[in-house]
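# Topology and contacts: notes
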Amino acid sequence: MSRDRKLILNSLEKTKEIASEIADKITSISKDSAKIIFLKGDLGAGKTTLVKEILKFYGLSEPVTSPTFTIIEPYLIKNKKIYHIDLYRIENRKELEVLGIDEYSNESDSIIFIEWPERGEGFFKDCDLEIQLNHLSENSREAIIKNFSNWLRNSLFKYNFF
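Residues numbered from 1 in each chain as written. Predicted model: local features only at pLDDT ≥ 70, side-chain atom pairs only at ≥ 80, totals over all residues. Heavy atoms only, no water.

## Comments concerning the sheet that holds strand 1 (residues 5-9)
Condition: Pairing between strands requires that DSSP locate at least two bridges from one strand to the other. Secondary structure elements follow DSSP: runs of H or I of four or more residues count as helices, runs of E of two or more count as strands, with numbering from the N terminus. Fitting a line to C-alpha atoms yields each axis, with helices limited to the stretch in contact; the angle taken between N-to-C directions then spans 0 to 180 degrees. Any pair of residues with heavy atoms lying within 4.5 Å of one another is described as a contacting pair.
What the 7 strands build is an open sheet, ordered 1-7-6-2-5-4-3; its pairing is mixed. Every interior strand has two partners, whereas the edge strands, strand 1 and strand 3 (72-77), have only one. When the angles between neighbouring strand axes are averaged without regard to direction, this sheet yields 20 degrees. Examined bridge by bridge, strand 2 (residues 35-41) and strand 6 (residues 129-137) share 5 bridges and lie parallel to one another. Residue pairing for strand 6: Ile37 is matched across the bridge by Leu129. Seen against the sheet, helix 1 (residues 12-27) touches strand 1, strand 2, strand 5 (111-115), strand 6 and strand 7 (140-146) and runs at an angle of roughly 140 degrees to strand 1.

## Considerations on the side chain of Asp86
Put simply, the test is: Exposure categories follow from relative accessible area, calculated using a 1.4 Å probe and restricted to protein chains: below 20% of the type maximum is buried, above 50% is exposed, and the middle band is partly exposed. Counted as positive: Lys and Arg. Counted as negative: Asp and Glu, with His and the chain ends omitted from the count. Here a salt bridge means any side-chain nitrogen of Lys or Arg lying within 4 Å of a carboxyl oxygen belonging to Asp or Glu. Two N or O atoms count as a polar contact when they lie within 3.5 Å, although within protein this holds only if one can serve as hydrogen donor and the other as acceptor, and sequence-adjacent residues are included solely when both atoms are side-chain atoms.
One can find Asp86 in strand 4 (residues 80-86). It is Lys47 that comes nearest to the buried, bridge-free Asp86 among opposite-charge side chains, at 6.7 Å. In terms of polar contacts, Asp86 uses its side chain to reach the side chain of Thr68, at 2.9 Å. Here Tyr88 takes part through its backbone nitrogen, which lies 2.8 Å from a polar atom of the side chain of Asp86.

## Points about the pairing of strand 5
In terms of burial, strand 5 is largely enclosed, as 5 of its 5 residues are buried. Of the two faces of strand 5, the one carrying Ile111, Phe113 and Glu115 and the one carrying Ile112 and Ile114 are both buried. Taken together, the 5 bridges between strand 2 and strand 5 define a ladder with parallel strand orientation. In the sheet register, Ile37 faces strand 5, and the bridge partner there is Phe113. Where strand 4 and strand 5 come together, 5 bridges link them in parallel fashion. For Ile82, the partnering residue across the bridge sits in strand 5 and is Ile111.

## As for the packing of aromatic side chains
We apply this condition: Paired rings are identified among Phe, Tyr and Trp, the last through its six-membered ring, by centres lying within 6.5 Å, and are further divided according to the angle between planes into stacked (under 30 degrees), edge-to-face (over 60) and tilted (the rest).
Under the defined criterion, the tally for this structure stands at 3 aromatic pairs. With 4.2 Å between their ring centres and 25 degrees between their planes, Tyr83 and Tyr104 make a pair best called stacked. Of the two residues, Tyr83 sits in strand 4 while Tyr104 sits in helix 4 (residues 101-104), which places them 21 residues apart along the sequence. Of the two residues examined, Tyr83 and Tyr104, each falls in the buried class.

## Describing the pattern of salt bridges
This model, assessed by the stated rule, comprises 9 salt bridges. For Glu130, the salt bridge goes to Lys40, with nearest N and O atoms at 3.6 Å. Within this pair, whereas Glu130 is found in strand 6, its partner Lys40 is found in strand 2, the two being separated by 90 residues in sequence. Judged by its relative accessible area of 22%, Lys40 is partly exposed.

## Some words on unusual backbone geometry
For Lys78, which is not glycine, the phi dihedral falls at a positive 50 degrees. Residue position: Lys78 is located in the loop between strand 3 and strand 4. In this model, Asn79 sits at a positive phi of 65 degrees, which is unusual for a non-glycine residue. Tracing the chain through its elements places Asn79 in the loop between strand 3 and strand 4. By relative accessible area, Asn79 is classed as exposed at 72%.

What follows is the structure in structure tokens.
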């Protein structure tokens with residue numbers, strides 16, 4: 001049986017709903033190191049939008065922008081460290097080492113969202129959650145949630161899976 005779940009995000013409101021569920025469940029993961037979430041998908045698929053809505057759920061009021069050029073955008077929300085990382089412009093492993101990204105993954109009680117994780121293949125520890133976003137139309141996306149463990153399964157069944 002596949003551990004992947006698919007749902008349709010056909011509005012910003014639907015994205016906000018699923019973002020709040022994902023944010024709540026990420027918080028419930030218990031581990032000594034950072035919680036790592038991989039976000040995959042083509043340019044414009046909605047990766048940054050999803051992260052933005054998750055961060056709003058955590059209480060962030062400042063604007064969230066894509067870290068495509070900065071590579072790492074750190075946030076401190078209610079004493080929780082959250083890192084939004086975009087590896088689109090990374091060309092080799094050495095660049096990741098210089099940035100010190102591996103140190104972030106050892107921080108306890110932090111959350112790391114990584115866009116374009118395939119650019120850092122083999123660099124990161126296993127992720128706790130992987131979300132693949134695919135274009136269906138101009139205003140509709142398919143979200144495939146992988147590593148769909150029991151902590152996430154029950155709450156997301158209320159959404160439109162196919």
